[in-house]
Amino acid sequence: MNSVRLQHFLTRNTYLFSLLLLAILLSVNYSLQDNLFELRVLNNSMRTLLPLILLAVGQSVVVIGGGIDLSVGTMVSMLVAVLVKLINAESSAADIALAVLAACGVGIVAGSLNGLAVSYLRLQPIVTTYATSFIFSGVALLLLPRPGGQIPTELRRFYAQTPYGVPLSFYVIGVLLLLWTLIRSTRYAQYLFATGSHSQAAYTSGVPVRVVRFSTYVWAGFFAGLAATALTFSTGSGQANIGDNMTLDSIVAVVLGGTRLSGGKGGIAGAIIGVMILRVIRNVIFFADVPTWSQTLVNALIIIAALAGPGLFGLVRRMVKK
Amino acid sequence: MTLTLLAQGIVKRYGGVIAVKDGHLEVQSGVVVTLVGANGSGKSTLSKVITGVVAPNEGQLLLNGVPVQFPTPQAAKKRGIAAVYQELSLIPDMTVAENIWLTNEPLLGGISLRRGEMRRKTQELLDLFAGTTSNNLTPDTLVNTLPPDERQIVEILKAISSQPRLVIFDEATASLDRSQVDRLFELIRQWKREGMAIVLITHRMDEIFRVADRVTVMRNGQTVGTVNAADTTDREIVQMMIEGAAAPDAGRMPQIDTTAPVRLEVRGLRCGRLQRADLTLRDGELLGLGGLQGQGQTELLLALFGALPYAGTVILGGKPVRFRHPRDAMKHGVAFVPGDRATEGLLLSRSILENFLLPSWQRYGIIHDVESARQDATTAARDLSLVYSTLDAPASSLSGGNAQKVVIGKWLLRRPKLLLLNDPTKGVDVGAKAEFYALLRQLTAQGTAVLFYSSDDDELLGLCNRVLVLQDGLVRDELSGERLTRENLVAASMGTTHEQR
């Protein structure tokens, strides 16, 4: 009975291995960079991480549902362009709120486009979202041919806040985890995991598989809107390719966090941890004085080792059993 | 509330293939109907029409006399119709409780799952099978850690959990052990008394007489009749299953020389679903394997080819062997022709030449002597009277019958001593079949021993001198000479044998 519960716990909380990995990497990082946990440094890193965290959360919903979204990066570029167009240095709080709503709304429309193609036209998610990513990238260039834009200085200060000595990003993460816990206890979550795990069996059981698949891409679009908002608030300006490189990072973070790429297993906590792991690896390489020209290679090797970790773990366990 | 469901004139076509051409089924509250029929008689398809998984081309469903349509499984479920499917509908990464209540979860305020409630109600359901399952089966167990019998039980409980008025069990007993089947039948009798309507699809004759009130028999996609279980005999049911079937084509293999050396001897072979097989096969003999699909025939062939691990003794050409990989079997002159040529037998996008020579390249040196390979392939293609454009055309350009010839032809180049055939003529047209039979004749004349599984009874009756009938992983009967009749073949595949005549 106890072993059943334990097994259950480990399966539900797929991020435990990643959490361990993050702890190890953080201690290595701390030994090389002793001001790591100083509020100013911590706040700075978290502020630059938040956009990717938000994006990876959206991506993990898609991946859990059995899909993948290669368009989230350029979607962020497009939504940043929307925000920069709508906000200027004199914008009022209401204007800004409207702009953020607009960005999330456009994100939802863009996500629906992906969702329609994948779920109702039954196109391959990899090819489809790769194709739509160029649509978003094209729109971004039309909206913002030259880098630019300005936001009120109060807004940047607001985004840099540390209420009660804790960076704002941690509050956002807290809200995300709370919402996820709530969603996890609804029927929608059961449908989401069932669809990702075995869509045929889910269909036979009466799960509205198409609607569920569609919804995951809408979530991804919505979170791309939030990510674009965080990115604009932290940089204060935009350019038409600012988010393009975030797509692959969002997928790697999702997988690093223990979410299964073929769907049906995982959660957003893993994605958040995954983003942090990616950042800490970069920190370690920087502070360990790895020669500049080797940094990309070392970074890649560590990521591959981290990705292979759970697999190696299982392999060793099977060999020990024999 | 009582219920009467009547399906009449059901027709279902898949492309040009007719799965059901005239299906009838009637079932009422408080009645157990068993639906029986040989391979491909349409019983699964008919039941899927009733549960909304398959949309019929013609015919109608009447629920309490009112015409209804079930475009989706949910629609049927809403009207109280549930099914226990053969190919399971469970989500591997979810727990037993989550699976049973999927789409039917108890909710708090219409939003939040009541997990405690789910767990408690699941335990109540699991208690129905208490004593016949392991301690590992709890509401919190993940389904992918369960053995097949317990998965089947979860599947049954899932169907029951919505308190349906009609349940269809599609071969639900196939993977259950004896005590679990006994318990299921006790439960079925109880549910029947409570007013449930039950349809049981089964391949076991004894089960019909244990629980059924009525027996509906299907043959070639048609319902041929319904009888009361109390007024019938297993002999009568078998007669209904085979009645009026065409006499098999002449052209059996010549009687084989009983003094020919024994090529293959199998003793107590166990492998997956196959519980025990014993057989002897002589050089030049064509031995048939019959029975309903999925009774262990494929496992037997794959084990002999070294593709599945097995227990037991295999003696090939007088020497005990144990193949761990198809490569070992091939070295000993064993060849295997798979049933699904598209996925297992051919590299569709590669050339005909490559497909022919795939198992044989090593004969042409480390740096391939492509010219002599091409000559051999051309000869083989001529021997097979293969219709093709050039040897360099992709295998996908061949018609079904010709593609199957390549699958067999690639082994002929190796001159096998033992040929294993896994339902090789499925979906092959009549002309190609005739050529294929001629090929078999030629091979056996050269002394190749052939073990031939076919899901087509006519083919076994027409070709073989001896047929082993498998049921539930056991060799139920060995038919030869006068006893090799359609009646005996069908009876044995349902688990009864007519020794008395």
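Above this note sits the structure.
Definitions and cut-offs
Each chain carries its own residue numbering, running from 1 in the written order of its sequence. Chain letters and ligand numbers both follow the written order, the letters beginning at A and the numbers at 1. Local features are withheld for residues below a pLDDT of 70 in this predicted model, meaning they are given only at 70 or higher, and side-chain atom pairs are given and counted only at 80 or more; totals for whole chains, interfaces and linings count all residues. The basis for the side-chain values is all heavy atoms of the structure; hydrogens and waters are excluded. By the criteria applied, helices consist of DSSP H or I runs no shorter than four residues and strands consist of E runs no shorter than two, each listed in order from the N terminus. For the radius of gyration, the atom set is restricted to C-alpha positions; the globular benchmark scales as 2.2 Å times the number of residues to the power 0.38. By definition in these notes, contact holds between two residues if any of their heavy atoms fall within 4.5 Å. With residues, only the protein chains shown are counted as cover, and all accessible areas are computed by Shrake-Rupley using a 1.4 Å probe. Cavity means a closed set of points on a 1 Å grid over the protein atoms alone, one where a 1.4 Å probe fits but cannot get out, pocket means an open set with protein on both sides within 12 Å along at least 5 of 7 lines, and lining means a residue has an atom within 4 Å of a point. Grid points are joined across faces, edges and corners, and a volume is the space filled by probe spheres set on the points. Residue polarity follows a fixed list, in which Ala, Val, Leu, Ile, Met, Phe, Trp, Tyr, Cys and Pro are nonpolar, Asp, Glu, Lys and Arg are charged, and the others, Gly among them, are polar. Buried area is calculated as the accessible area (1.4 Å probe) missing from two parts once they are joined, with the contributions of both summed. Salt bridges are defined as contacts in which a side-chain nitrogen from Lys or Arg sits within 4 Å of a carboxyl oxygen from Asp or Glu. Pairs of N or O atoms within 3.5 Å make up the polar contacts considered here, provided that, within protein, one atom can donate a hydrogen while the other can accept it, and that residues adjacent in sequence are counted only when both atoms are side-chain atoms.

Student: I'd like a description of the overall build of chain B, backed by residues and values.
Tutor: Counting its regular elements, chain B contains 17 helices and 22 strands. What you see for chain B is a C-alpha radius of gyration of 25 Å, in line with the 23 Å of a compact globule of 501 residues. With respect to the principal axes defined by its C-alpha atoms, chain B has extents near 75 × 55 × 45 Å. The contacts of chain B with a sequence gap of at least 6 include a subset with a gap of at least 24, amounting to 67%. When the accessible surface of chain B is summed, it comes to about 21,100 Å², and 50% of that surface belongs to carbon and sulfur atoms.

Student: Give me empty space enclosed by the protein: which residues, what numbers.
Tutor: Going through the model one piece at a time under the given rule, you end up with six cavities of 30 Å³ or more. Reported here for the largest cavity is a volume of approximately 200 Å³. Considering the residues around the largest cavity, the lining is formed by 16 residues, among which T204 of chain A together with K77, A82, A83 and Y85 of chain B are closest to the centre. Counting residues per element, the ones that place at least two in the lining of the largest cavity are helix 2 (73-78), strand 6 (81-84) and helix 5 (148-161) of chain B. Considering only residue class, the lining of the largest cavity consists of six nonpolar, seven polar and three charged.

Student: How would you summarise the interface of chain A and chain B if you had to cite specific residues and measurements?
Tutor: Contacts between the two partners involve 26 residues from chain A and, on the opposite side, 31 residues from chain B. For the pair chain A and chain B, the two sides together bury roughly 2,400 Å², of which 54% comes from carbon and sulfur. Interface area lost by chain A to chain B is led by R187, Q190 and S205 of chain A, which between them contribute 25%. The interface formed by chain A and chain B holds two salt bridges in total. Where chain A touches chain B, the interface holds ten residue pairs in polar contact (both at pLDDT 80 or more). Secondary-structure elements contributing two or more residues to the side of chain A that touches chain B are helix 1 (2-12), helix 9 (187-197) and helix 10 (199-204) of chain A. If you tally residues by element for the side of chain A that touches chain B, the top one is helix 1 of chain A, at six residues. When the residues that make up the side of chain A that touches chain B are grouped by side-chain class, the tally is eight nonpolar, twelve polar and six charged.

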